Structure formats: structure tokens, C-alpha cells
Amino acid sequence: MSKVKLEQALLNLLLQASHTNTKQSFIQKRANQYLDKTVVQHHINALLNELIPLVKSNKSIVRLTTVEGGKLHKKKNNLSVNKKTPPLVINIRLPNVKVNTLFSELISLDHDTDAKVSFFQTKSIDEFEGLEFDTEKLALSGMTDQVGDHQFDLYGSIPHSNGEVQSVVLRVKITFVPDPKSLWKNIPSDESARFHKPDTHHSYCENNRMLLMGSSVRGRSHAHKGIHRDDDFKIYCNESSEWVISCVADGAGSCKYSRQGAFAAVGNATDSLKESLTGHYGIELENAYNDFSINKSEENQKSLLEAYQHTIVKAVFNAAKAINSCVDTSKGDSAKDFSTTLILAAHKKVEGGYLVISFWIGDGGIVIYDKNKKVILMGEPDSGEFAGQTRFLDNKIFEDGSVYRRVRIEKVDSMSALILATDGITDAWFETEKQLDSLPHWDRLWDEVEPHVMHKNREDGLQGLTQWMDFWSKGNHDDRTISICLVKE
């Protein structure tokens, strides 16, 4: 019998005793016509204190049966505890539970009998704030903020077919683990350091056709150590511009000034591409693409490559040049100290659709995204032999001409957005490089960012996008940067 049931039985018996006419009834003297519940509870507690230790010590289990002459009489239960049989100790280990998380775990008893355990003592759980134990369903549930290993000893009994009762100790062990997020520190970066920049950066711009939003946040691994954000981005558009430009970069974590390399690269690449596309070279690029798409002759191909040279290749070259200009040999700098990836893209509304041109070196990703319809990956990520390795922007791609192989141009009839992201986002959302080309995976990402990008209040939307960047992904705690160019039409 559980403590609750035993207490109810005692209450019923005492109520009967209170209404007897026996002059010796100690309850009747106190209660008169109405039973004093405080007095009754006092006697119940006293009886419980007497009965429970008897069960624990394997003494005979008693049952209150009758009230005769105003006195309570005890009658031995037909089932008795075998004093020679030691208590059955059942050890249960429940799965780890995260603190401040609601849980419910069923307990499966592993013993030879199919008889049901009757619990009469669950004090160790009852007194643990936030937890409760269902003795009928054998379920432990609740929520707690207490981190650590805990053991709860529950006492009960099992009746056997031979008429004996064996006492039971159910020993439940469970570990409450901290929320992983709570273990990460957020130490501000050193504002007095060389090439210091804010730990978070976001901005937006728009015209009547396009809306560009960008956000860059320091990763948990950097915040935990108090070091700088290595990622960076820059976006460009204005009311009169036909071409809009997006650029993101991921500075190499192992290189001490890569944050400055990323900053210099995105700034100079964007400015250079803006200058060339808004002039006659932008028109030449569009015409060269149209000619080549109709007739892929050697002459048309040459014209297209020349258009690349004067626009996007020039922009990438200026980015590399800007990185080299950061090097101060008198301070012991080397070009490698400023290593960074680079993804650069520009697009405009043209007759019959949208024209997109891009350059990509390193990891991360860039896609033309058309919601629920298609996704076009604008190149391939550079992966090294080992995890975390990639390719960085350097002068070699200009010396061997491989820079042109990293340029891609596409014309699409419809698109929802052009998305550029560093590996802090792509590694968390796409388990394999193959998934980078998967529409369902991009649809899932878009479902989360779209409400922020589409927010009528641009500042609130930008804040929402930046907050979204703090999403949890086990093992992925790098800097995160994203640039989204939304097509309004």
C-alpha cells in the first residue's frame, strides 16, 4: 500500500471512530460533533511513523480493519514479509536529461516476477523540487535546474504466489546535464587590438526591385576565448543602380590578422565591381553573355572572358591587392597572416529574367534560389585533405589563369533570392557538399530566414536575422555570415 493510500485508510477509520459513543474514544472527546482535521492529521502522521519503519525492517505488514467499541484494532495481513529473504534491490539508470527541459521517462523493472510493485515510500523524489513519480505508471517526470548526478531510493513490496511479501528498493539514478549553450562564455574582443572590428555587423539596402540584407556574427568558439570575428561582408545597391552586389569572406582562423584580410577583401572587391558594372563594362558584359549564349564560338567566348577581365576578375584582383597592402613587414607581417576566402556576386533584372555573375574561392556557398522550384549552386566549395582545410585568395589564381574557372554566369527566368554564406552556416545546415545542391535543404533554411527578410520593418527584420544566426548546431561554432538579396517582384 502506498503512503497516500495508507493515509486515506487511516483517515476513514479515524472518521468512523470519531462518531462512536464510547466514552474512552480519544477522538470523540476532541471532536464532539465535528471532527478536528488538524487532530486527525496529527494521529495519522503518528501512525504512519509507526507503520512505515515496520515495513522497512521486514516486520509483519498490518492492516487496520475494524472499529470496535471506539478502538482501532490491528489485524495481521495474510501476506507476511519473509525475514530471511533480503530486500530486492533494483538498479535503474535513466538517460541523461538536460536541465530546464521538461521530460518524462518510464521505468522498466527487470526482475523475475510479473507481480506489480506497491510503493509506500517515494520521499526522495517527493522532496526533490520539480520532479514527481507516478507509482501506477512507473514514470519519473518534471523539470529541474539542478545539474549533476542524482539517486532516488523508492521503497515498496512485491507479493509472491506463496503468500509471502518481499520488500523492494528501487534505486533510480539519473544525471541532469547543463544546457550546452550555458557553458559558452561571451568575452568581448580586445578593442585596443590591431585591426579591431565589432563582434557583430549587419546592414541592409534596397531599391524598388531588390532588397539586400547581410549579417555577420562572431562564433561561439571565438566568443568563448574573447577573440575577434574573422568573417566579413559588404552589400551594395541604391535607387538608381541596375546591378546589386553581395560579397562575403571568411578569414582563416589560424591566421592572426585574417579578420583584416576579410574586411579588406569584401570592401575592395565590392567597390571595384560597382565601379566597373555601372560603366560601359557592365553593358559589354551583358552583351557578351547574350552573344555567347546564342553562339558559343571562340570569338564570342573570347569577348566574354574579356568582359570578365574588366569586371569581376578585376574586382577579385583588387581584393587580393588590398590584402597585400595590409602587410607591414616592419611588424613581422606576412601575406599569409591575412588569408581569407571570398565569394563575390552581382546580378540585375534583364529582359526575360535575371543575370547573375559570381566568383567563389574557399568554402561556404552561393546559390540562386527559387522557392520550392529550383536551386543553382554557383560553383564548388574548396575542401582540403583534412577537416577545416580550404583554399584562400592569393596571387596564384591570376598567375595560372585559374581565376576564370572560378567565375560563373547564369541567366534565370525567375528567382526568389541570391544567397551567399560562409561555412559557419553551410557546415551547420548541410552535412555534405552534395546537400549544397539540394532544394529541400535550402527550402528548410529559407523557411527560417524568410520571415526576417520579408519583415515590413527593415530594422526589426535585420535584428531578427542576426538573432537567427545564433541557432544551435552541435559541433558548429564558427563565425557565421550571410548575405541575402531578395527579389521583390
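Residues numbered from 1 in each chain as written. Predicted model: local features only at pLDDT ≥ 70, side-chain atom pairs only at ≥ 80, totals over all residues. Heavy atoms only, no water.

K.L.:
Quick question: what am I supposed to make of the overall build of the protein here?
P.N.:
The helix and strand tally for the protein stands at 13 helices and 22 strands. In the protein, which comprises 489 residues, the share counted as buried stands at 47%. Here the contacts in the protein between residues at least 6 apart in sequence split such that 69% fall between residues at least 24 apart. (Helix = DSSP H or I, 4+ residues; strand = E, 2+ residues; numbered from the N terminus. Buried < 20%, exposed > 50% of the residue type's maximum accessible area, 1.4 Å probe, protein only. Contact = heavy atoms within 4.5 Å.)

K.L.:
I'm lost on the sheet that holds strand β9 (residues 139-142) in this one. Help?
P.N.:
Whether parallel or antiparallel, the strands of a sheet pair through hydrogen bonds between backbone atoms. Across the sheet, which stays open at both edges, the three strands sit in the order β6-β9-β8 with antiparallel pairing between neighbours. Looking at which strands have only one partner, the edges of the open sheet turn out to be β6 (103-106) and β8 (131-134). Here the average twist between neighbouring strands, direction ignored, is 15°. Pairing between β8 and β9: four bridges, direction antiparallel. Bridge pairing in β9 places Leu131 opposite Gly142. (Pairing = 2+ DSSP bridges. Axes fitted to C-alpha atoms, helices over the stretch in contact; angles between N-to-C directions.)

K.L.:
Explanation requested: the packing of aromatic side chains in the structure shown.
P.N.:
Each aromatic ring pair is specified by the distance between its two centres and by the angle formed by the two planes. Applying the stated criterion to the full structure yields 13 aromatic pairs. Pairing Phe128 with Phe176 gives two aromatic rings, centres 6.2 Å apart and planes at 20°, and the pair type is stacked. With a gap of 48 residues between them, Phe128 in the loop between α4 (123-126) and β8 and Phe176 in strand β11 (residues 164-177) connect regions that are remote in the sequence. Comparing Phe128 with Phe176 shows no difference in burial state: the two are buried. Members of the aromatic cluster, connected to one another through ring pairs, are Phe103, Phe128, Phe152 and Phe176. Over the aromatic face of Phe471 sits the side chain of Arg480, whose NZ or CZ is 3.9 Å from the ring centroid. (Phe/Tyr/Trp six-rings, centres within 6.5 Å; stacked < 30°, edge-to-face > 60°. Lys NZ or Arg CZ within 6 Å of the ring centre and 35° of its normal.)

K.L.:
Looking at this model, I keep getting lost on the pattern of salt bridges. Mind explaining?
P.N.:
Here the idea is simple: oppositely charged side chains can pair when their charged atoms come close. Here the structure, examined in full by the defined rule, presents 17 salt bridges. Its salt-bridge partner being Arg391, residue Asp394 comes within 3.4 Å of it at the nearest N-O pair. By relative accessible area, which is 26% here, Arg391 ends up partly exposed. When the shortest N-O distance is used, the salt bridge between Glu410 and Arg408 registers 3.0 Å. Residues participating in the shared-partner salt-bridge network are Lys197, Arg229 and Asp232. (Salt bridge = Lys/Arg side-chain N within 4 Å of Asp/Glu carboxyl O.)

K.L.:
Can you help me understand the environment of Val327 in this one?
P.N.:
As for its placement among the helices and strands, Val327 is situated in the loop between α9 (312-325) and β16 (342-350). Excluding residues within four positions of it along the chain, Val327 makes contact with Asp333, Ser334, Ala335 and Phe338.

K.L.:
Sorry, what's going on with unusual backbone geometry here?
P.N.:
The general pattern is negative phi for most residues beyond glycine and trans for most peptide bonds. Phi at Asn100 takes a positive value of approximately 60°, unusual for a residue other than glycine. With respect to the helices and strands, Asn100 occurs in the loop between β5 (97-98) and β6. Judged by relative accessible area, which is 53%, Asn100 ranks as exposed. Even without glycine at this site, Asn372 takes up a positive phi of about 60°. Residue Asn372 is classed as exposed on the basis of its relative accessible area, which comes to 55%.

K.L.:
Is there a simple way to think about the nonpolar core in this case?
P.N.:
The nonpolar side chains of soluble globular proteins are, as a tendency, buried together. Grouped together as the largest cluster of nonpolar side chains are 51 residues, with contacts concentrated most on Leu418, Ile419, Trp442, Trp468, Ile482 and Ile484. Here the element with the most residues in this core is helix α12 (residues 439-453); it accounts for six residues. (Core = buried A, V, L, I, M, F, W, Y, C linked by side-chain atoms within 4.5 Å.)

K.L.:
What is the right way to look at the packing of helix α7 (residues 280-294) against helix α8 (residues 298-310) in this model?
P.N.:
Think of two packed helices as two axes; the pair is described by the angle between the axes and how far apart they sit. Relative to each other, α7 and α8 sit at 150°, their axes nearing to 9 Å. When the axes of α7 and α8 are compared, the pair comes out roughly antiparallel. The element α7 and its partner α8 pack so that their crossing is left-handed. Across the interface between the two elements, Tyr281, Glu284, Leu285, Ala288, Tyr289, Asp291 and Phe292 of α7 pack against Asn300, Gln301, Ser303, Leu304, Ala307, Tyr308 and His310 of α8. Here the contact of α7 with α8 is composed, by residue class, of eight nonpolar, four polar and two charged. (Parallel < 35°, antiparallel > 145°, perpendicular 65-115°, else oblique. Left-handed = near helix turned anticlockwise from the far one by under 90°. Nonpolar A, V, L, I, M, F, W, Y, C, P; charged D, E, K, R; others polar.)

K.L.:
When you look at the sheet that holds β16 in this model, what are you seeing that I'm missing?
P.N.:
Read across the sheet, five strands follow the order β14-β15-β16-β17-β20 without closing on themselves; strand pairing throughout is antiparallel. At either margin of the open sheet sits one strand with a lone partner, and together these are β14 (231-236) and β20 (407-412). With direction set aside, neighbouring strand axes in the sheet form an average angle of 10°. As paired elements, strand β17 (residues 353-361) and β20 share six bridges and run antiparallel to each other. Residue pairing in the sheet places Leu355 in a bridge with Lys411 of β20. Set on the sheet, α7 makes contact with β16, β17 and β20; between it and β20 the angle comes to about 75°. Where α9 meets the sheet, it contacts β16, β17 and β20, and its direction lies at approximately 150° from that of β16.

K.L.:
Could you clarify how one ought to interpret the packing of α8 against α9 in this entry?
P.N.:
Remark: α8 packs on α9, axes separated minimally by 3 Å, with the N-to-C direction vectors making an angle of 35°. Together, Tyr308, Gln309 and His310 of α8 and Ile312, Val313 and Lys314 of α9 make up the contact between the two elements. Split into classes, the residues belonging to the contact of α8 with α9 amount to three nonpolar, two polar and one charged.

K.L.:
Is there a simple way to explain the pairing of strand β18 (residues 365-370) in this structure?
P.N.:
The two faces of a sheet get side chains in turn, since along a regular strand they alternate between them. In terms of residue burial, β18 counts as a mostly covered element, since six of its six residues are buried. By the alternation rule, side chains of β18 split into Gly365, Val367 and Tyr369 and Ile366, Ile368 and Asp370, which are all buried. Of the strand pairs in this sheet, β18 and strand β21 (residues 417-421) are connected by five bridges, and their pairing is antiparallel. Of the residues in β21, the one forming a bridge with Ile368 is Leu418. Alignment of β18 against strand β19 (residues 374-377), held across four bridges, turns out to be antiparallel. For Val367, the partnering residue across the bridge sits in β19 and is Leu377. Between the end of β18 and the start of β19, which pair antiparallel, lie three residues, with Asn372 showing a positive phi angle near 60°.

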